Amino acid sequence: MDIVLMFRFEIILAALILAIFIMSLRGFDTNVKCFLNTMNVLLLLNFIAGWLPLSEGSYFSDFFRTNGLIVLQKNIINLGLLLISLTSYAWLEQSKYRLEFYLLMLSSIFGVYVMLSSGHILMLYLGLEMSTIPIAAMSNFNLKEQRSSEAGIKLILSSAFSTGIMLFGISLLYGAVGNLSFASVIANLHPNVLTLFAFAFILAGFAFKMSIVPFHLWTADVYEGSPIAVTNFLSVISKGSVIFVFLTVLYSLFGGLKEAWLLGISIVSILSMTVGNLFALRQQNAKRFLAFSSIAQVGFVLVGITAASTIGSASVVYFVLIYLLSNIAAFGVISAVADSTGSESLQSFKGLYKSNPFYALIMAVALFSLAGVPPIAGFFGKLFLLTAGMKSGLYVLLGFAGVNLVLSLYNYLRVVKYMFIDDNEAHLAPLNRNRQLTTALYICLIGLIAIGFVTPIYQYIDSLCRF
Amino acid sequence: MNSYELSALLIVILPALSFIVLGLFGNRLSNRVSGLIGCASLVTTAILAIYVAAGYFFDFGLVGGVHEKHIALQFQWLKFTENLSIDLGIVLDPISVMMLLVITIVSSMVHIYSLGYMKGEEYFERYYAYLSLFSFSMLGLVIAVNIFQMYIFWELVGVSSFLLIGFFFTKPSAIAAAKKAFIVTRFADLGFLIGILMLSYNTKSLDFFTIIERLTQAGSPYLANFTATSFMGMSALSWALLLVFMGGAGKSAMFPLHIWLPDAMEGPTPVSALIHAATMVVAGVFLVARLFPVFAISAPDALLIIAYIGAFTALFAALIACTQTDIKRVLAYSTISQIAYMMFGLGVAGWGAENSEGFTGSMFHLFTHAFFKALLFLGAGAVIHAVHSNEMKDMGGLRKSLPITHITFLIACLAIAGVPGLSGFFSKEAILAAAFHSHPAIFYVGLFTSGLTAYYMFRLYFRIFWYNPVPEHSHNHEGHTWAMNIPLIILAVGAALAGWIPFGSFVSADGKAMELPFHLTFSIAPVAFGLIGIGIAYLLYAKKNDVPDKIASSINALYKASYNKFYIDEIYLFITKKVLFNLVGRPAAWFDRTVVNGLFINGSAEATVATSRAIKPMQSGRLQSYTMFFLGGVLLLAALLILKFM
């Protein structure tokens with residue numbers, strides 16, 4: 001029983017994947033509405049099952065481990081999965097390959113679980129790859145669009161490249177330590193040329209997945225080319241899960257190189273915040289805009305990571321949760337607008353408030369959350385990241401973070417201005433609203449308002465981080 | 001909870017309730033009803049505030065002859081870590097009780113006045129909802145027990161100010177002004193937030209009184225730690241306090257963050273009276289006053305900087321006010337100048353009975369200023385209501401058609417000019433005397449400024465009510481606007497008499513009663529300057545003539561510089577538009593277009609023909625450049641780490 005409880009996330013997911021296969025054999029997916037609703041219900045059950053009583057421990061000589069924090073991280077991922085599935089309802093209804101979409105998405109999530117639970121670098125690597133490769137196929141989903149194929153091929157090639165670099169780093173690490181299980185790496189890691197090289201290469205591999213500058217160049221193209229649902233998945237699930245793992249990698253795996261990684265992380269953090277915000281200034285495509293915005297957001301996460309303590313990991317997990325809700329809400333609105341106007345340009349948001357106050361308000365809340373305007377949750381998220389950053393005493397980094405806060409405010413306000421103040425010559429008709437999207441948006445809205453004010457949420461995360 | 005504490009709680013809650021009711025059901029209520037709801041709730045809070053103030057100053061607040069702080073209510077709201085818990089509560093001490101009085105009285109006057117002024121406006125009920133929201137947030141700000149509570153209400157105040165400035169949202173200039181105010185003050189608030197983080201990190205507390213205690217007691221380890229590190233000759237504590245002050249300077253429109261306030265006059269005039277004259281803009285002064293013990297005891301260097309910024313701003317804004325032709329802008333710059341007066345009043349004060357005269361003077365001026373400046377704005381509103389213009393050239397000779405406005409406006413002008421017997425005289429005297437004793441240079445700046453103040457105020461007065469001959473068939477414009485007249489009269493009484501309050505026995509830095517020294521010989525100079533200012537204004541503007549134009553053209557350069565507000569806005573525009581956009585934004589965009597976007601994303605839109613040609617270089621070329629970046633990044637990073645740590 002214990003083992004079932006420990007593996008319950010993976011078991012349920014595998015069962016879901018199997019169920020999809022069976023559905024396709026029985027031709028069940030031809031009834032579009034029924035299929036999509038079934039999937040949503042299944043994902044909801046999956047999310048609820050995540051809250052079953054947990055059981056901690058490790059299996060297979062530490063290849064697989066789990067604890068309260070890991071379970072929480074998987075639950076956050078599950079929430080994101082459910083919300084993305086709900087927001088992409090309209091698009092999936094049109095798409096021919098909805099079954100494959102779910103199949104690939106769930107496979108990717110399976111990789112994420114493996115990665116989160118890994119206690120050995122090889123498992124970590126396997127999980128990371130397993131979670132990336134299906135996304136490359138997913139971003140190629142708009143088969144008729146050249147940009148979509150371009151996004152797919154770009155993602156797979158550059159991801160292969162980064163994987164190569166990372167594997168090289170892992171092999172160096174193996175050379176230095178002689179074993180790849182977390183425990184022995186932690187015990188035997190000392191700063192020397194070899195391990196520093198290994199660290200730089202492994203860092204680059206992770207930085208690629210989180211699109212940290214200067215390893216971010218693929219991001220905007222891939223975000224722009226992929227279908228909105230996939231972009232959403234990339235920016236939220238794939239990024240969030242790698243951030244979670246990155247915490248373990250830095251705090252325990254490379255704990256012995258703390259001095260070195262503090263410097264490295266500070267530099268890429270400053271670069272990411274600044275470059276992300278500056279490039280977002282002039283973007284006209286909504287997805288490109290959010291691509292650069294997410295680069296800047298990850299830069300902020302890194303500020304919190306530098307704390308290297310409980311408050312560091314607690315603030316990061318808390319922020320990722322908020323970031324997930326903000327981004328899903330923003331992408332949800334973008335998909336609604338893009339579905340009816342056929343354009344992803346920010347210009348098509350002009351006058352949105354007049355024609356669709358509901359969407360405009362949700363979008364405004366999401367953007368204000370990303371900008372960190374009180375009293376929306378994003379403000380508290382940023383506040384804790386900065387407070388955590390204070391711990392490390394890197395005042396230059398904090399100074400950059402401060403300036404970037406203002407810069408990002410300008411970026412997000414620009415879009416808000418489009419929606420609320422500018423007029424649209426081509427008057428926007430009221431957009432279609434389907435129940436699924438509306439539900440997801442309401443969940444995000446409630447979350448974005450409540451998470452900042454409901455103290456137990458942070459306290460719960462904080463308590464899980466003190467193990 | 002006794003009746004005073006309950007009243008204090010009600011003072012905060014009533015406006016919030018009124019906001020909720022008007023916000024949710026406003027569109028179903030008639031204008032009349034929603035206006036009455038707003039007025040009723042605010043008048044009630046004003047009565048409650050008077051009750052609480054009487055109780056505090058004469059009864060429960062007075063412990064052994066000293067006004068002690070009294071925590072009426074406190075509970076934990078958010079607890080994040082041991083160090084980061086945020087309390088909400090209500091503190092009653094001399095300055096917060098005084099602010100409660102000021103805010104509720106001015107706000108209720110403005111609520112009543114607006115019944116007449118905003119009559120027939122679209123979104124009338126929304127206007128009242130915003131006003132209530134503003135009153136709620138401002139009240140929450142002044143009774144804050146916790147610096148973070150203050151910050152939250154501080155932001156709420158900013159939001160409601162944003163909403164009210166942009167109330168005429170069909171006017172592009174109103175929207176631009178609202179945005180400008182929001183962005184400038186948000187920028188300043190960033191400093192405030194960082195300051196809060198530094199203070200809380202070093203004192204392990206967010207509670208005002210814990211912070212003050214830990215940073216003022218000699219031998220406190222927190223204080224020693226905080227002052228141990230220094231940067232550019234000032235301790236970390238001074239920097240933190242200056243960052244906090246930066247937030248205050250944004251809200252209180254100190255140079256160089258003053259640029260939003262004149263533009264904020266785009267909002268409805270009663271709003272200007274409430275927010276941009278009497279209450280919100282003094283939040284910065286209040287913030288410094290709240291942390292005054294820390295400033296005075298542990299960081300006198302930061303306080304000195306505040307004094308200089310205040311003195312400079314006072315003079316600077318007064319110079320600009322002399323040449324403006326939009327009457328609301330004259331008042332706006334006058335507000336900046338007067339707030340700067342309060343700021344340097346705090347700046348020249350020190351700790352201890354006699355030395356803290358500047359503190360009491362500054363609070364006194366805050367109190368009297370609220371009356372006469374609100375009155376001036378409301379009077380200006382009545383004028384604008386009558387002539388439908390903000391420009392001086394459309395006015396003149398209005399004394400017969402607006403008799404009540406005329407008399408009350410005159411009283412306010414006399415008060416602000418510092419004519420003996422009226423309120424402004426007493427408070428200004430206290431500030432100047434404090435400056436004279438500690439920083440004579442600042443005293444002379446203040447003295448000269450008070451002459452300028454008298455000049456530009458009477459320029460305004462004569463230009464509106466005299467200058468042109470009274471039109472022959474002038475009829476009374478005021479008969480039907482009693483909602484507007486009553487607040488004018490009440491405020492005029494306040495502006496005339498508020499100075500006679502023995503303010504020193506109620507409000508002082510340490511709670512002990514103090515006598516504000518009054519020397520007949522000392523007040524000769526300020527009064528003389530004031531009278532000279534009034535005299536010059538009389539000569540130039542009492543009757544229509546061409547002397548002012550001649551003078552303006554003879555000192556053309558200075559006149560123009562002042563008229564154009566010393567080009568500060570242009571400098572900001574230059575920095576943001578030209579420097580930031582061109583030097584940073586443009587290259588970034590160019591990089592994005594050419595390197596990242598390549599030629600081919602843009603091409604692909606029209607490129608069904610050139611597809612094959614486009615794909616080839618895209619796949620080989622661009623991915624190559626990506627990987628180049630990637631590899632370069634890795635190697636640089638590795639090299640850096642190895643150089644640094646090996």
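Residue positions are counted from 1 within each chain, in the order its sequence is given. All chains are assigned letters beginning with A, and all ligands numbers beginning with 1, in the order in which they are written. Reporting of local features is limited, given that this is a predicted model, to residues whose pLDDT is at least 70; pairs of side-chain atoms are given and counted only at 80 or more, and all residues count toward the totals for whole chains, interfaces and linings.

**Overview of the overall build of chain B**
Rules: Working definition: helices are DSSP H or I runs of at least four residues, strands are E runs of at least two. Numbering for both runs from the N terminus. To sort residues by burial, count the other C-beta atoms lying within 10 Å of each one's C-beta; a count of 20 or more means buried, 12 or fewer means exposed, and anything in between means partly exposed. C-beta atoms are built from the backbone. By definition, residues are in contact whenever their C-beta atoms, placed on the basis of the backbone, come within 7 Å of each other.
Looking only at helices and strands, one finds 26 helices and 6 strands in chain B. Going through the 646 residues of chain B one by one, you find that 54% of them count as buried. For chain B, restricting intrachain contacts to residue pairs at least 6 apart in sequence, the fraction spanning at least 24 positions comes to 78%.

**Re the nonpolar core**
Filter applied, for reference: Residues enter a nonpolar core if they are buried, belong to Ala, Val, Leu, Ile, Met, Phe, Trp, Tyr or Cys, and are joined to the set through C-beta atoms within 7 Å.
Ranked by size, the top nonpolar core spans 405 residues in total, and within it Ala374(B) and Ala495(B) carry the most contacts. For this core, the element with the most residues is helix 15 (residues 310-341) of chain A, which contributes 21 residues. Sequence-distant contacts of Ala495(B), that is, excluding residues within four places in its chain, are made with Phe371(B), Phe372(B), Leu375(B), Ile411(B), Ala412(B), Ala415(B), Leu422(B) and Ser423(B).

**Comments concerning the interface of chain B and chain A**
Counted only if it meets this: The classification used treats Ala, Val, Leu, Ile, Met, Phe, Trp, Tyr, Cys and Pro as nonpolar, Asp, Glu, Lys and Arg as charged, and all other residues, Gly among them, as polar.
With 36 residues of chain B at the contact, the number on the chain A side is 43 residues. The set of elements that each furnish at least two residues to the side of chain B that touches chain A consists of strand 3 (70-79), helix 5 (147-165), helix 6 (172-203), helix 24 (568-596) and helix 26 (611-645) of chain B. Of all the elements, helix 26 of chain B adds the most residues to the side of chain B that touches chain A, at 14 residues. Its residues placed into classes, the side of chain B that touches chain A shows 25 nonpolar, 6 polar and 5 charged.

**Considerations on the packing of helix 2 (residues 8-25) of chain A against helix 3 (residues 32-49) of chain A**
All names here are of chain A. Selection rule: Each axis is a line fitted through C-alpha atoms, taken for helices only over the stretch in contact, and angles between the N-to-C directions span 0 to 180 degrees. Throughout, the term roughly parallel applies to angles under 35 degrees, roughly antiparallel to angles over 145, roughly perpendicular to angles from 65 to 115, and oblique to all others.
Between helix 2 and helix 3, the least distance of the axes is 10 Å, while the angle of their chain directions is 170°. Put simply, helix 2 runs roughly antiparallel to helix 3. On the side of helix 2, the interface is formed by Arg-8, Ile-12, Leu-16 and Met-23, while helix 3 contributes Phe-35, Leu-42, Asn-46 and Ala-49. When its residues are assigned to classes, the contact of helix 2 with helix 3 shows 6 nonpolar, 1 polar and 1 charged.

**Re the packing of helix 16 (residues 357-387) of chain B against helix 18 (residues 423-438) of chain B**
All names here are of chain B. Basically, it comes down to this: Here a crossing is called left-handed whenever its near helix is offset anticlockwise from the far helix by less than a right angle, and right-handed whenever the offset is clockwise.
Between helix 16 and helix 18, the least distance of the axes is 8 Å, while the angle of their chain directions is 155°. Judged by the angle between their axes, helix 16 and helix 18 are roughly antiparallel. Read as a crossing pair, helix 16 and helix 18 show a hand that is left-handed. Mapping the contact onto sequence places Glu-357, Gly-358, Thr-360, Gly-361, Ser-362, Phe-364, His-365, Thr-368, Phe-371 and Phe-372 in helix 16 and Ser-423, Gly-424, Phe-426, Ser-427, Lys-428, Ala-430, Ile-431, Ala-433 and Ala-434 in helix 18. Class assignment of the residues belonging to the contact of helix 16 with helix 18 gives a composition of 8 nonpolar, 9 polar and 2 charged.

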